[in-house]
Amino acid sequence: MTGVELRQLRYFVAVAEELNFGRAADRLLIAGPSLSQQIKALERDLGVRLFDRDRRSVSLTPAGAALLPHTRALLERADDLRRRAGRLAGSEAVRLGYVNWLPADLSARTAGAAQVHVDAWIAPSHTQAARVADGSLDLAVCWVRDEDLERHGLRARLLGADRLYAVATGTDTGDVRARDTAVLVDDDTRSWSSWNVYAERLAHDTGAHVVPVSDGGITGPAFFDHVRRSRRPVVNSPKGQTTSLPPDLVRREIAGPSVHWTWSLVWREGETRAAVSAAVDALCAGVGDLGLRAPDAWLPEGDPHR
């Protein structure tokens, strides 16, 4: 098998499809005698006869018929490898920004599609969306609304979602209705603009109680202090989803409705670079609806995945 070349396999497929050496040679733009010699060399290297042929007809042998689909599959994989290598060799790096969440397997998803460089500047959602719009980034993982996409000239696909929960004092770990929770809104709109919009919409739609704060306590130790002072369980933000709780606090799932936060992958409308499109497709392929279509799922008005 060491002498087998992809070129010879393409010749085999062409003859198998045409069942005529003359037509196959014309299709391949080579001379008929050269094609015949290459097929004989392939048969010799494989150790099987691929065709029965005489002056009037050509037909596949049982071995040839059995090997044909495997040969086609091998050639398709070779073509795919060539396309991927071409994209990687000829494309600039794709710059990706984020807020606080990225897929754990980001590198594996994009390895064969594009050179993705994760930007070191972690910034709020509205900032990252604006950076994509002005060309500082090619892609960003952030929370956006339809109006943000329209204002900045962006497009979005669903990449991830968090089901938010509440944090409470006491020992009750049962579900809590959204209307019985509190949600914090910080007066630092530079840092918490997206969260504030989301939180206020959550309160409007579900009856959750808005608690204004001014200490950045949407997450971190200050958040836990607000929970301790609250008479209601407090909705945890996406930035606190993986933070361990202190021993005096408990987690309670929010039900009626279940509350979701979406992570969109955004890019510029009219983007023409193949590497960016390849990165989008590689990252978002097979994501599914992530539970957002459940009957009791809540998303704010204007969420592009609602």
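The shown structure was predicted, so the numbers you read here are calculated from the model rather than taken from an experiment.

A. Broad picture of the side chain of Thr206. With respect to the secondary-structure elements, Thr206 resides in helix H8 (residues 189–206). At 2.7 Å, the side chain of Thr206 forms a polar contact with the backbone oxygen of Leu202. Polar contacts involving the side chain of Thr206 include one to the main-chain amide nitrogen of Ala208, which spans 3.3 Å. Among residues more than four places away in sequence, those in contact with Thr206 are Ala178, Arg179, Pro257 and Trp298.

B. Just the side chain of Arg252, in detail. Within the secondary structure layout, Arg252 lies in strand E12 (residues 249–255). Among the polar contacts listed, one links the side chain of Arg252 to the side chain of Asp172, at a separation of 3.2 Å. A polar atom in the side chain of Arg252 sits 3.3 Å from the backbone oxygen of Asp175. Non-local contacts of Arg252, meaning those with residues more than four positions away in its chain, are made with Tyr165, Ala166, Ala168, Asp172, Thr173, Gly174, Asp175, Val176 and Pro233.

C. Representation of the packing of helix H1 (residues 6–18) against helix H3 (residues 32–46) in the model. Two elements in contact, H1 and H3, have axes whose closest approach is 9 Å; the angle formed by their N-to-C orientations is 110°. Classified by the interaxial angle, the pair formed by H1 and H3 is roughly perpendicular. Facing Arg7, Gln8, Leu9, Tyr11, Phe12 and Val15 of H1, the residues of H3 in contact are Leu35, Gln38, Ile39, Ala41, Leu42 and Asp45. Considering only residue class, the contact of H1 with H3 consists of eight nonpolar, two polar and two charged.

D. Inspection of empty space enclosed by the protein at higher detail. The final tally for this structure, using the stated rule, is two cavities of 30 Å³ or more. Of the voids in this model, the largest cavity is the one considered here, and its volume is about 140 Å³. Along the wall of the largest cavity there are 15 residues; nearest its centre are Val99, Trp192, Trp195, Lys239 and Trp261. Looking at the lining of the largest cavity, the elements that each hand over two or more residues are helix H6 (125–134), H8 and strand E13 (258–268). Ranked by residue count, the leading element in the lining of the largest cavity is H8, at five residues. By volume, the second largest cavity is sized at about 40 Å³. Every residue lining the second largest cavity is listed: Thr219, Gly220, Phe223, Phe224, Asn236, Gly240, Thr243 and Leu245. For the lining of the second largest cavity, the residue count by class is three nonpolar, five polar and no charged.

E. A look at the pairing of strand E7 (residues 165–169). For E7, a buried count of four out of five residues is recorded, marking the element as mostly surrounded by other parts of the structure. Sheet topology places E7 next to E12; five bridges connect them, and they run antiparallel. For Val167, the partnering residue across the bridge sits in E12 and is Arg251. In the sheet, E7 pairs with strand E11 (residues 234–235) via two bridges, with the strands oriented antiparallel. Across the sheet, Ala166 pairs through a bridge with Val235, a residue of E11.

How each quantity is defined
- Residues numbered from 1 in each chain as written.
- Predicted model: local features only at pLDDT ≥ 70, side-chain atom pairs only at ≥ 80, totals over all residues.
- Heavy atoms only, no water.
- Helix = DSSP H or I, 4+ residues; strand = E, 2+ residues; numbered from the N terminus.
- Polar contact = N/O pair within 3.5 Å; in protein donor to acceptor, adjacent residues only side chain to side chain.
- Contact = heavy atoms within 4.5 Å.
- Axes fitted to C-alpha atoms, helices over the stretch in contact; angles between N-to-C directions.
- Parallel < 35°, antiparallel > 145°, perpendicular 65-115°, else oblique.
- Nonpolar A, V, L, I, M, F, W, Y, C, P; charged D, E, K, R; others polar.
- 1 Å grid on protein atoms, 1.4 Å probe; cavity = no way out; pocket = protein on both sides within 12 Å on 5 of 7 lines; lining within 4 Å.
- Points joined across faces, edges and corners; volume = space filled by probe spheres on them.
- Buried < 20%, exposed > 50% of the residue type's maximum accessible area, 1.4 Å probe, protein only.
- Pairing = 2+ DSSP bridges.

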